[in-house]
Amino acid sequence: MANTKVFSAHKVYTMNPSRPEVSHVAVREGKILGAGSLDELSGWGEFDLDNRFKNKIIMPGFVEGHAHAMEGTLWRNVYVGWFDRMDPNGRLWPGAKSLDNVLQRLSEANVQLSDETKPLSGWSLDPIYLGNKRVTRQDLDKVSASRPIGILHASGHILNVNSKGLELAGLLKPGINHPGIPLGPDGLPTGELYGPDAMTPVGVHVGFDRSMTDCDEQGLRDYAKLCVSSGVTTSTDLAARLTDASVDMMLRVTGEPEFPACIVPLRIFFGMSPKELIDYVIQLKSMSTDRLSLGRVKAVLDGSIQGFSARLNWPGYYNGSPNGLWYTSPEQLSELYLLALKNGVQVHTHTNGDQAIQLSIETLEAALRQAPSFDHRFTLQHCQLASAAQFRKMSKLGMCVNLFANHHYYWGDEHYSRTVGPEKAERMNACKTAVDSKVNMAIHSDAPVTPLAPLFTAWCAVNRLTASGRVQGSHECISVSDALYAITLGAAYTLHMDHEIGSIEVGKRADFAILEADPYENDPETLRDITVWGTVQSGRVFEAIKS
Ligand SMILES: [Zn+2]
């Protein structure tokens, strides 16, 4: 057997402008030896020709610049979201379209659990789609009054529990006075819990423990299956604690011969001073492998728009809700940015509201004056409400954005009518403005908040349709080729990995997404319907699991 393999395809889209479209790609030692015609590639010597993709499209492997590997772990719980969703084993779970549906699905799972003390956990509840009806502990008691039950909301910021869950946490009593624990007419908690303060002590009794944002071993393997079925060959894990034990686990699991993706975990800025954090990630960076890339930081500045915890500039929320919360103080952020720049460590910052975006921009500008840095690529994650002026400023400062294009589809109608109002809703996730301002842009799913599926995310950025079918902000629609750039090279650039991945060109890692249809030759409205056959990662072929 030759040590070179040549894949033929219906078409290979390279994202390399000097030869954008070819028929064959040659792979040696996990890297791309060349992209071109069979005749050109034969010049490299003996090869094995692999024709299994001859009727398919080969693209650079997709890069998910903002997701959480905990999605793999969550699938061991009951899915109760409103939208249809595919699990790691290729099974499509239909959306639960009413509270009765949600309770029925939990009841079915309840009878399957033999051990009466084992908690029953569900995830991805979204009351917006249940007519904004709040779920109560009494609702969940109908499923079981004796077993602790908890359901995590799609946003990840709210937890619903039954009476048993509250009882085990010592909270089923009158006289509780906590902003995150609303009380019912009987003076007892309703079972709805807001924010980590209220959620954590109860979460441990209903199957959601403190380290929920860290995936476990099986969760990481399951997450990688989702990567294969969505064409992703490199994915971030954007808010990991990266304890010694979890780093050991991730090194071991990603090092397994059949592990199909490169994972890029970012250490969250939490529980350490800026100095400790920077020292810690510098040490982590030296442990990086080809399939686990370490050494970056994630900071979280504000909350979510649909949860009214994002920080908005004047005039604030459309429905009059009070302004959101700072999750990191301006002083801490400034210390972090300065130390990071001085040490060449990259920081990605979660900002949703335009006030949070402004703070990040101004803090970085001040830090850059003290520690000039020419290629820092500090990235604003979500960055949903940035104005045109903020994009112009980000461009000057060399910042990148990773916009949450999926939001229009999932919550766009809500943003228009309730959260930020029509004008800001139409400019949200301003992909076209980012492209025009020459701000390097990625787009993302934030899985598990929305499903990992870069072609769906690209569809959202191209069409900007809401769940009710309205185009929201047609001025910000981008072309298919800009959207495909964002899910490949654009995302790779935000991770300082564009020299290794993101396009099909000689010397780069042999990472491909294998598609059943041509994203350029079909109607842009059908982009999300393209079936992903699977991936090639470092030259290894992985077929998506079909149930
Ligand atoms: Zn996230």
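Peer 1: I would appreciate a short explanation of the overall build of the protein in the present structure.
Peer 2: Across its full length, the protein holds 17 helices and 23 strands. A compact globule built from 547 residues would reach a C-alpha radius of gyration of about 24 Å, and the protein, at 23 Å, matches this within 12%. Considered along the principal axes of its C-alpha atoms, the protein spans approximately 80 × 55 × 45 Å. For the protein, the proportion of its 547 residues judged to be buried stands at 60%. Looking at the protein alone, contacts between residues at least 24 apart form 71% of all its contacts between residues at least 6 apart. Accessible surface for the protein amounts to roughly 21300 Å². Of this, 52% is attributable to carbon and sulfur atoms. Of note, the protein has its 51 positive side-chain charges centred 2 Å away from the centre of its 61 negative side-chain charges.

Peer 1: Would you explain the sheet that holds strand 19 (residues 400-403) in this entry?
Peer 2: Two modes of strand pairing occur in sheets, parallel and antiparallel, and in both the strands are linked by backbone hydrogen bonds. If you walk across this open sheet you meet the eight strands as 6-14-15-16-17-18-19-20, and the pairing is parallel. Of all the strands in the sheet, the pair left with one neighbour each is strand 6 (62-64) and strand 20 (441-443). Here the strands of the sheet are splayed against their neighbours by 20 degrees on average, with no regard to which way each runs. Where strand 15 (residues 262-268) and strand 16 (residues 296-300) come together, three bridges link them in parallel fashion. Residue Leu 266 lies in a different strand from strand 16, and its bridge partner there is Arg 296.

Peer 1: I keep staring at the packing of aromatic side chains and nothing clicks. Help me out?
Peer 2: All told, the structure shown has 20 aromatic pairs when counted by the stated rule. Aromatic side chains Trp 82 and Tyr 129 sit 4.7 Å apart centroid to centroid with 20 degrees between the ring planes, which places their arrangement in the stacked category. Placement of Trp 82 in the loop between strand 7 (78-79) and strand 8 (85-86) and of Tyr 129 in the loop between strand 10 (120-125) and helix 4 (137-141) is noted, with a sequence separation of 47 residues between them. Overall, Trp 82 belongs to the partly exposed group, its relative accessible area being 25%. Taken together, the ring pairs connect Trp 82, Phe 83, Tyr 129, Tyr 409, Tyr 410, Trp 411, Phe 456 and Trp 459 into an aromatic cluster. Over the face of the ring belonging to Trp 93 we find Arg 91, whose NZ or CZ atom lies 3.9 Å from the ring centre. Taking the ring centre of Tyr 493 as reference, the NZ or CZ of Arg 377 above it sits at 3.7 Å.

Peer 1: Explain the coordination of the zinc ion here, please?
Peer 2: For a metal bound by four donors in a tetrahedral arrangement, the ideal donor-metal-donor angle is 109.5 degrees, while six donors in an octahedral arrangement ideally sit at 90 or 180 degrees. The zinc ion binds to the protein through His 66 (NE2), His 68 (NE2) and Asp 446 (OD), with metal-donor distances spanning 2.1 to 2.2 Å. Going along the chain, you hit the donors of the zinc ion in the pattern H-x1-H-x377-D. In this structure His 68 comes out as buried when scored by relative accessible area, which is 10%.

Peer 1: It is not clear to me how the side chain of Glu 64 should be interpreted in this structure. Could you clarify?
Peer 2: Structurally, Glu 64 can be placed in strand 6. There is no salt bridge for the buried Glu 64, and the closest opposite charge comes from Arg 85, which lies 10 Å off by N-O distance. A polar atom in the side chain of Glu 64 sits 2.9 Å from the backbone nitrogen of His 66. Discounting chain neighbours no more than four positions away, the residues touching Glu 64 are Val 232, Thr 234, Ser 235, Thr 236, Ile 443, His 444, Ser 445 and Leu 452.

Peer 1: Just checking my understanding: could you explain the sheet that holds strand 11 (residues 149-153) for this structure?
Peer 2: Taken in spatial order, the five strands make up an open sheet running 7-10-11-12-13, and their pairing is mixed. Here the strands that pair on one side only, and so sit at the sheet edges, are strand 7 and strand 13 (192-194). The pairing of strand 11 with strand 12 (residues 158-161) spans three bridges and is antiparallel. Bridging from a neighbouring strand, Ile 151 pairs with Asn 160 of strand 12.

Peer 1: Honestly, helix 7 (residues 217-230) in this entry has me stumped. Any pointers?
Peer 2: One turn of the α-helix equals 3.6 residues, which is why residues spaced by three or four share an orientation. Taking 1.5 Å of rise per residue, the 14 residues of helix 7 would be expected to cover 20 Å, and the 20 Å separating its terminal C-alpha atoms lies within 8% of that figure. Within helix 7, burial applies to Gly 219, Leu 220, Asp 222, Tyr 223, Ala 224, Leu 226, Cys 227, Val 228 and Ser 230. Trailing helix 7 by a residue or two, Gly 231 shows a phi angle of about 85 degrees, which is positive.

Peer 1: Sorry, what's going on with the environment of Val 264 here?
Peer 2: Inspection of the secondary structure puts Val 264 in strand 15. Sequence separation of Val 264 and Val 532 is 268 residues, and the distance between their C-alpha atoms is 22 Å. Look past the residues within four positions of Val 264 in its chain and what remains in contact with it is Thr 234, Ser 235, Thr 236, Asp 237, Ser 293, Arg 296, Leu 495 and Met 497.

Peer 1: In this structure, what is going on with the pattern of salt bridges? I would like to understand it.
Peer 2: Two side chains that carry opposite charge are able to pair once their charged atoms sit near each other. With the rule as written, the count across this model stands at 31 salt bridges. A salt bridge links Arg 369 to Glu 365, with the nearest nitrogen and oxygen atoms 3.7 Å apart. One end of the pair, Arg 369, and the other, Glu 365, are both in helix 11 (residues 354-370), four residues apart, so they sit about a helical turn from each other. It is possible to trace a salt-bridge network through shared partners that takes in Lys 11, Glu 21, Asp 518 and Glu 521.

Peer 1: Can you walk me through the nonpolar core in this structure?
Peer 2: Nonpolar side chains in soluble globular proteins tend to be buried together. Ranked by size, the top nonpolar core spans 116 residues in total, and within it Leu 220, Phe 391, Met 394, Val 401, Leu 403 and Leu 515 carry the most contacts. Residue contacts for Leu 515: discarding those within four places in its chain leaves Lys 56, Ile 57, Met 59, Phe 62, Leu 455, Ile 530, Thr 531 and Val 532.

Peer 1: I'm lost on the packing of helix 11 against helix 12 (residues 388-397) in this one. Help?
Peer 2: When two helices pack together, their arrangement is given by the angle between the helix axes and by the axis-to-axis distance. At a minimum axis separation of 11 Å, helix 11 and helix 12 run at an interaxial angle of 25 degrees. In this view, helix 11 runs roughly parallel relative to helix 12, as classed from their interaxial angle. Handedness of the helix 11/helix 12 crossing: left-handed. Judged by residue contacts, Asp 354, Ile 357, Gln 358, Ile 361, Glu 365 and Leu 368 of helix 11 engage Gln 390, Lys 393, Met 394 and Leu 397 from helix 12.

Peer 1: It is not clear to me how the pairing of strand 2 (residues 21-28) should be interpreted in this structure. Could you clarify?
Peer 2: Every regular strand shows the same layout, with side chains that alternate between the two sheet faces. As defined by bridge partners, strand 1 (residues 4-13) adjoins strand 2 across seven bridges and the pair is classed as antiparallel. The partner of Tyr 13 across the bridge, within strand 2, is Glu 21. Bridge analysis of strand 2 against strand 3 (residues 31-36) gives five bridges, and the strand direction is antiparallel. Following the sheet pairing, Ala 26 is matched in strand 3 by Gly 34. Connecting strand 2 to the next strand, strand 3, in antiparallel fashion are two residues, including Glu 29 with a positive phi near 55 degrees.

Rules used throughout
- Residues numbered from 1 in each chain as written.
- Predicted model: local features only at pLDDT ≥ 70, side-chain atom pairs only at ≥ 80, totals over all residues.
- Heavy atoms only, no water.
- Helix = DSSP H or I, 4+ residues; strand = E, 2+ residues; numbered from the N terminus.
- Rg over C-alpha atoms; globule rule 2.2 N^0.38 Å.
- Buried < 20%, exposed > 50% of the residue type's maximum accessible area, 1.4 Å probe, protein only.
- Contact = heavy atoms within 4.5 Å.
- Areas by Shrake-Rupley, 256 points an atom, 1.4 Å probe, with all protein chains shown as cover.
- Lys, Arg positive; Asp, Glu negative; His and termini not counted.
- Charge placed at Lys NZ, Arg CZ, Asp CG, Glu CD.
- Pairing = 2+ DSSP bridges.
- Axes fitted to C-alpha atoms, helices over the stretch in contact; angles between N-to-C directions.
- Phe/Tyr/Trp six-rings, centres within 6.5 Å; stacked < 30°, edge-to-face > 60°.
- Lys NZ or Arg CZ within 6 Å of the ring centre and 35° of its normal.
- Donors = N, O, S within 2.8 Å, 3.2 Å for Na, K, Ca; no water.
- Salt bridge = Lys/Arg side-chain N within 4 Å of Asp/Glu carboxyl O.
- Polar contact = N/O pair within 3.5 Å; in protein donor to acceptor, adjacent residues only side chain to side chain.
- Expected span 1.5 Å × (residues − 1).
- Core = buried A, V, L, I, M, F, W, Y, C linked by side-chain atoms within 4.5 Å.
- Parallel < 35°, antiparallel > 145°, perpendicular 65-115°, else oblique.
- Left-handed = near helix turned anticlockwise from the far one by under 90°.

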